[in-house]
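Structural overview for review
Chain by chain, the residues:
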Amino acid sequence: MNINFNTNYSFNLAQQNTSNKKSNNQNENEESTQTQMVNGVELDAKELQQLRELQSTDREVKAHEAAHQAAGGSLAGGASFSYVKGPDNQMYAVSGEVPIRMQKGNTPEETIANARQIASAAMAPADPSPQDYKVAANALKLEMEARSEAMKLKAEKNTQDKKDNNQNENANETENNKNRDFKNFISNIYKNNSIDLSPNFSIAS
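Residues numbered from 1 in each chain as written. Predicted model: local features only at pLDDT ≥ 70, side-chain atom pairs only at ≥ 80, totals over all residues. Heavy atoms only, no water.

Looking now at the overall build of the protein. What the protein contains, in helices and strands, is 5 helices and 5 strands. Taken across its 205 residues, the protein has 26% of its residues classed as buried. Residue pairs in contact within the protein that sit at least 24 positions apart in sequence constitute 65% of those at least 6 positions apart. Accessible surface for the protein amounts to roughly 14200 Å². Of this, 48% is attributable to carbon and sulfur atoms. (Helix = DSSP H or I, 4+ residues; strand = E, 2+ residues; numbered from the N terminus. Buried < 20%, exposed > 50% of the residue type's maximum accessible area, 1.4 Å probe, protein only. Contact = heavy atoms within 4.5 Å. Areas by Shrake-Rupley, 256 points an atom, 1.4 Å probe, with all protein chains shown as cover.)

See the structure below:
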């Protein structure tokens, strides 16, 4: 079963623009005179602020998903991102996700190892999202189920081993009884049937 680590940094350019419009006219006039060339585009102060926020969000999103991938190892897939265009006409990531396989192993021990790796991957970023916490909780549930299964299998093995030991002990006891009976049988033969082994020669003349 594949699940995703979702990270969503809401960055709404429209909201940002609305917020900026609330500043007074004097500040707007002052800001409009401050421009800077970025990636071949001339940006005013408000656009530069938007750009800085987008660049920061882009770094955080990509670092977040990279942490999931690194900790998830072979269980994690590739990261995918959602982008918005910045005022410099460049694309910046504002949300991302990494798929991870919530899968059982061939044995309870393998399942426990997988569950621990999934939980580690979920909590790897410095700022886990609500979805990350949900994935970690599911991983813990998977580990608990695997531990229960491991205990059940161990109990069944102990029961079977005890049964096998009892059978071996009974078989050994039966064999010992047979050997003892055979020895007694031989001993009784010699006791009950005395054999005269003295030579008896008859000489005819």
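Now that the structure has been shown, we can carry on.
All right, on to helix α5 (residues 130-192) then. In this model, α5 (63 residues) spans 93 Å end to end at C-alpha, consistent with the 93 Å of a helix rising 1.5 Å per residue. All buried positions along α5 are accounted for by Asp 132, Val 135, Ala 136, Ala 139, Leu 142, Glu 143, Ala 146 and Ala 150. (Expected span 1.5 Å × (residues − 1).)

Let us now look at the pairing of strand β4 (residues 80-85). As paired strands, β4 and strand β5 (residues 91-101) are joined by 6 bridges and run antiparallel to one another. Residue Phe 81 lies in a different strand from β5, and its bridge partner there is Gly 96. The turn linking β4 back onto β5 is made up of 5 residues, and Asn 89 within it adopts a positive phi angle of 70°. (Pairing = 2+ DSSP bridges.)

Here we take up the packing of helix α3 (residues 45-72) against helix α4 (residues 108-122). Closest axis-to-axis distance for the α3/α4 pair is 8 Å, and the angle between their directions is 165°. Overall, the two elements α3 and α4 adopt an arrangement that is roughly antiparallel. α3 and α4 meet at a crossing whose hand is right-handed. Residues His 68, Ala 71 and Gly 72 of α3 form the contact with α4, whose participating residues are Gln 117, Ser 120, Ala 121 and Ala 122. Of the residues contributing to the contact of α3 with α4, the split by class is 3 nonpolar, 4 polar and no charged. (Axes fitted to C-alpha atoms, helices over the stretch in contact; angles between N-to-C directions. Parallel < 35°, antiparallel > 145°, perpendicular 65-115°, else oblique. Left-handed = near helix turned anticlockwise from the far one by under 90°. Nonpolar A, V, L, I, M, F, W, Y, C, P; charged D, E, K, R; others polar.)

Moving on, we get to the pattern of salt bridges. Applying the stated criterion across every chain yields a total of 4 salt bridges. A salt bridge links Glu 143 to Arg 116, with the shortest nitrogen-to-oxygen separation between them at 3.2 Å. Of the two residues, Glu 143 is situated in helix α5 and Arg 116 in helix α4; the sequence distance between them amounts to 27 residues. Note on Glu 143: relative accessible area 12%, which makes it buried. Since its relative accessible area comes to 48%, Arg 116 is described here as partly exposed. Via salt bridges that share partners, Arg 116, Glu 143 and Arg 147 belong to a single interconnected network. (Salt bridge = Lys/Arg side-chain N within 4 Å of Asp/Glu carboxyl O.)

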